[in-house]
Every structure is written in C-alpha cells, then in structure tokens.
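Coordinate analysis (summary)
One-letter residues, chain by chain:
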Amino acid sequence: NILQELTGNGKGVKGDEKKFEISKEGNLYYLNDKIRKISTYDAQNQHENSPIISGKLVSSKTTTFSDPSSVDAHAYAERTYDFYKKTFNRDSYDAKSSPIKSYIHVGEKWNNAAWDGEKMLYGDGDGKTFISLAGALDVIAHELTHAVTQFTANLQYRDEPGALNESMSDIMGVMIDDNDWLIGEDVYTPNKPGDALRSMSNPKKYNQPDHYDDRYTGYQDNGGVHINSGINNKAAYLIAAGGKQSSVTVDGIGRVKTRAIYYRALTEYLTATSQFIDMRDAAIQSAKDLYGANSKEVKAVKQAYDAVGVV
Ligand SMILES: CCCCC[C@H](S)C(=O)N[C@@H](Cc1ccccc1)C(=O)N[C@@H](C)C(=O)O
Ligand SMILES: [Zn+2]
C-alpha cells in the first residue's frame, strides 16, 4: 500500500526550520516516519543507565512540532537513514530495514548521547558543556553508525577495537556533514564559538593523540576509546585530504573514495577484536578491492597509516 506522505515542520535546536515525515492517528500528529520506519520518543528525563528506558511517542495537535530536540532527532535520523541508503545502498543499520527509534530528554542535563544496542539516546546537555545533543547531525550519524558497527564488524567497545568503533562513528559523522573535519561543533560549549569536541584534521587540538606511539594505554574511558580514536581519525583525514605527518606525505583521494574504503573495511573485513594494525590491513585490502592493487588510493592508505605510526 502506498503510504500517503505527510510533512511536519518545526524549529531545531539551533532555531532553524526543518521539515520531516510524520503520521496522523485520530486527531493527533506523531513523529512517526512510516516510510523510513523512524520514530521519536520523549524519555521524560529517565536516567540514561535505567534498565528499561520507555518513552512517549512525540505528538502534536498540528503538523508543527514545538520541541526543538524532537525536531532535530527526527529530521537528522531521516538524513542519516537517507545517507546510508543513497551512499552505500544500506537499508537501515542492519541492512534489513529495521525500525530506528530515538529517545530525547534522556537523563538530567546529560552531556552525552548513545546507541544502547537497540535505540538512540540523547541528553539535553547542561547548557555549558553541551546544548541538546540532538541538535547536531554528526551526533546522530555517530550514534547510528554504532548501530551499523554492531550489525557488521561488531567491534568491542574497549581498548583498540573500541577506539576503532568510536573512530568509525566519527568518520561517518563528518562524511554525512560533508563540510568540515570537526565533531560536535554545533552543540559543544555554546559560549565558545568555533571550538569542537574533537578534530579529525588536528586531534591534538582537543587532547587526542594523532600517532600510535602516543596512544593511551590506561583504563579510563574503556581503555581510551574516545582518546585513541584520534589516531584512526587522523589517518582517515590524511587519506581524504592529504597532508604530511612524521615526515610522511600523503596524497589525498577525497571524501567519497575514503568513506567507500572505510565502509567496505567495516562491513567486509573488521571483526570484534580488530586492532589498529588490522584496521590498516582492512583499509588497504578495501582500497585494493575498490580501486586496484597498484592504485593511488592504495598508496594513500599505506602512506596515511605510516604517517600515524600504524605499521
Ligand atoms: C553511555 C556511555 C557513553 C556512550 C558514548 C557514546 S557512543 C559517544 O561516544 N557519544 C559521543 C556523543 C557525541 C558524538 C558526536 C559529537 C559530540 C558528541 C561522544 O563523543 N561522547 C563523549 C562526550 C564521551 O562519551 O566521552
Ligand atoms: Zn560513540
């Protein structure tokens, strides 16, 4: 049955007008996109660690939705769904068109967002470190990519596999945003314009290593998953944009080919316990598959991993 399209509208977290797919049941409108199977719920400040987070499907008496977090969570989930379908012909995170559920207003001023294995969770931020995290497309893409990772390589969320897990989420986050190499800039520190949570072009700017010799080997942050992701993030940046690091020069191949290499590595070669060296090998093999064994793309991948000390 052909679903009749129904368009909702509303202002996002940054005050920008957005349009998105909604549905009508009875005399109420709901953030339920029946075409992509995306629905958005209000967690009503249930704690992010509570075992079962339930939620109320966001509704409105008219086609205008007034909660900016719900507007962005819903609209950006659609953008991310469309990105995976158009770019990689992947139908939802499991490639089997499973429903995507997002929960906003999770926790009390929670300065984070997460994929909990089944659904996306967004905090409102404390207004100083973060504003509502649903307000940034790279956050939604980051979290939904964790879902893609779970149904493919299923990289463990600790130590080197965990840093690769985090890096894949950042890589797709900047690829969907497609205009910079910053992560979280739209929702991070509202009174410090121009800064970001992370930078893929210059991880050290936000205290991440950009070389394997400087990796964190302690126990914090699940063995540094948000710290050591900087090493692979820098490699991905160098493959796409080119550059020079530790006396190695990389000739960039652009974002389109770079994201194709990483998507292929994630879905065909990486496994739950892949280490950084396995990431290097998977990216080289993916580049060979896509562009040929002696291609400039393969050369760029080798140079980039040389430059970040993963050899
Ligand atoms: C619940 C346990 C923590 C889960 C961590 C999630 S996957 C995560 O990595 N969240 C991102 C959120 C994000 C994404 C893109 C841009 C800005 C913020 C993250 O990087 N969280 C940081 C703050 C962290 O947990 O250290
Ligand atoms: Zn993450």
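Cut-offs and rules
- Residue numbering note: each chain is counted from 1, following its sequence as written.
- Ligands are numbered from 1 and chains lettered from A, in the order in which they are written.
- Local features in a predicted model are, by the rule used here, given only for residues with pLDDT of at least 70; side-chain atom pairs are given and counted only at 80 or more, and totals for whole chains, interfaces and linings are based on all residues.
- The basis for every side-chain value is the complete set of heavy atoms in the structure, and neither hydrogens nor water enter the calculation.
- Any residue with at least one heavy atom within 4 Å of a molecule or strand is counted as near it.
- Polar contact is the term for a pair of N or O atoms within 3.5 Å; when the atoms are in protein, one must be able to donate a hydrogen and the other to accept it, and sequence-neighboring residues count only if both atoms are side-chain atoms.
- Numbering of helices and strands runs from the N terminus, with a helix taken as a DSSP run of H or I at least four residues long and a strand as a DSSP run of E at least two residues long.
- Note on residue classes: Ala, Val, Leu, Ile, Met, Phe, Trp, Tyr, Cys and Pro are nonpolar, Asp, Glu, Lys and Arg are charged, and everything else, Gly too, is polar.
- Salt bridge, as used here: a side-chain nitrogen of Lys or Arg that lies within 4 Å of a carboxyl oxygen of Asp or Glu.
- Exposed residues in this analysis have more than 50% of their type's maximum accessible area, buried residues have under 20%, and partly exposed residues fall in between, with area computed by a 1.4 Å probe over protein chains only.
- At least two DSSP bridges between two strands are required for those strands to pair.
- Expected span, for any helix, means 1.5 Å times one less than how many residues it has.
- Contacts between residues were defined by any pair of non-hydrogen atoms, one from each residue, lying within 4.5 Å.
- Here an axis means a line fitted to C-alpha atoms, over the contact stretch when the element is a helix, while the angle between two N-to-C directions is reported on a 0 to 180 degree scale.
- Throughout, the term roughly parallel applies to angles under 35 degrees, roughly antiparallel to angles over 145, roughly perpendicular to angles from 65 to 115, and oblique to all others.
- Handedness of each helix crossing follows the sense of rotation of the near helix against the far helix: counterclockwise by less than a right angle gives left-handed, clockwise gives right-handed.
- As used in this record, nonpolar core signifies buried Ala, Val, Leu, Ile, Met, Phe, Trp, Tyr and Cys residues forming a set joined through side-chain atoms within 4.5 Å.
- Ring pairs shown here join Phe, Tyr and Trp side chains whose ring centres sit within 6.5 Å, with only the six-membered ring taken for Trp; geometry is labelled stacked below 30 degrees between planes, edge-to-face above 60, and tilted in between.
- Our definition puts a charge over a ring when NZ of Lys or CZ of Arg is within 6 Å of the ring centre and also within 35 degrees of the ring normal.

**Remarks on the site of ligand 1**
As a matter of local geometry, ligand 1 sits amid 16 residues, with Asn112, Ala113, Glu166, Arg198 and His226 nearest to it. In this structure, a nitrogen atom belonging to ligand 1 sits 3.2 Å away from a side-chain N or O atom of Glu143. Between an oxygen atom of ligand 1 and a side-chain N or O atom of Arg198, the distance comes to 2.8 Å. For the shell around ligand 1, the secondary-structure elements that each account for two or more residues are β10 (113-115) and α2 (137-150). By residue number, the principal contributor to the shell around ligand 1 is α2, which donates 4 residues. Looking at the shell around ligand 1 residue by residue, the classes come out as 8 nonpolar, 5 polar and 3 charged.

**Side note on the pattern of salt bridges**
Applying the stated rule across the entire model yields 16 salt bridges. The partner of Asp16 in a salt bridge is Lys18, with the nearest N and O atoms 2.4 Å apart. With a shortest N-O distance of 3.3 Å, Glu297 and Lys296 are connected by a salt bridge. Judged by its relative accessible area of 52%, Lys296 is exposed. When salt bridges with common partners are traced through the structure, they connect Asp33, Arg36, Glu78 and Asp82 into a single cluster.

**Here's the deal with the pairing of strand β9 (residues 100-104)**
The buried count for β9 comes to 4 of 5 residues, which makes it a mostly enclosed element. Sheet topology places strand β6 (residues 38-42) next to β9; 5 bridges connect them, and they run parallel. Paired with Ser39 across the strands is Lys101, a residue of β9. Note that β9 and strand β11 (residues 120-122) share 2 bridges and pair parallel. Bridge pairing in β11 links Ser102 to Met120.

**Here we look at helix α8 (residues 296-307)**
When the terminal C-alpha atoms of α8 are compared, their 16 Å separation across 12 residues agrees well with the 16 Å that a helix rising 1.5 Å per residue should span. Taken together, the buried positions of α8 are Glu297, Val298, Ala300, Val301, Gln303, Ala304, Tyr305 and Ala307. As for α8, its buried residues are in contact with α5 (229-241), β14 (243-245), β15 (248-250), α6 (255-269) and α7 (276-291). In the stretch just after α8, Gly309 is the one whose phi turns positive, near 80°.

**Notes on the pairing of strand β1 (residues 7-11)**
The pairing of β1 with strand β2 (residues 17-21) spans 5 bridges and is classified as antiparallel. Residue pairing for β2: Thr7 is matched across the bridge by Glu21. Linking two consecutive strands that pair antiparallel, namely β1 and β2, is a turn of 5 residues; a positive phi of about 85° is found at Gly15 within it.

**Some details on the packing of α6 against α7**
The interhelical angle for the contact between α6 and α7, taken along N-to-C directions, is 115°, at an axis separation of 8 Å. Considering their axes alone, α6 and α7 lie roughly perpendicular with respect to each other. Seen along the crossing, α6 lies across α7 with a hand that is right-handed. In contact with Lys257, Ala260, Ile261, Tyr262, Arg264, Ala265 and Tyr269 of α6, α7 contributes Met279, Ala282, Ala283, Gln285, Ser286, Ala287, Asp289, Leu290 and Tyr291. Taken together, the residues of the contact of α6 with α7 sort by class into 11 nonpolar, 2 polar and 3 charged.

**Here we look at the packing of helix α1 (residues 68-88) against α6**
Where α1 contacts α6, the axes come no closer than 12 Å and their chain directions differ by 95°. Here α1 is positioned roughly perpendicular relative to α6, judged by the angle of their axes. Of the residues in α6, those touching α1 at Phe83, Tyr84, Thr87 and Phe88 are Arg259, Ala260 and Tyr263. Here the residues of the contact of α1 with α6 sort into 5 nonpolar, 1 polar and 1 charged.

**Examining the nonpolar core**
Of all hydrophobic cores here, the largest spans 80 residues; its most connected members are Tyr122, Tyr262 and Tyr305. The element contributing the most residues to this core is α1, with 9 residues. Tyr41, Ile53, Val106 and Trp110 belong to the second largest nonpolar core, which has 7 residues in total.

**Considerations on the packing of aromatic side chains**
Evaluated as defined, the whole model comprises 12 aromatic pairs. Here Phe88 and Tyr263 contribute two aromatic rings whose centre-to-centre distance is 4.0 Å and whose plane-to-plane angle is 5°, an arrangement assigned as stacked. Within this pair, whereas Phe88 is found in helix α1, its partner Tyr263 is found in helix α6, the two being separated by 175 residues in sequence. Accessibility expressed as a relative area gives 13% for Tyr263, which makes it buried. Linked through ring pairs, Phe83, Tyr84, Phe88 and Tyr263 together constitute an aromatic cluster. Residue placement shows Lys257 over the ring face of Tyr291; its charged tip is 5.6 Å from the ring centre.

**Details of the environment of Ala300**
Inspection of the secondary structure assignment puts Ala300 in helix α8. Taking C-alpha positions, Ala300 is 6.5 Å from Gly252, a pair spaced 48 residues apart along the chain. Residues in contact with Ala300, not counting those within four places in the same chain, are Ile239, Val250, Asp251 and Ile253.

The values reported here are purely geometric and, on their own, carry no functional implication.
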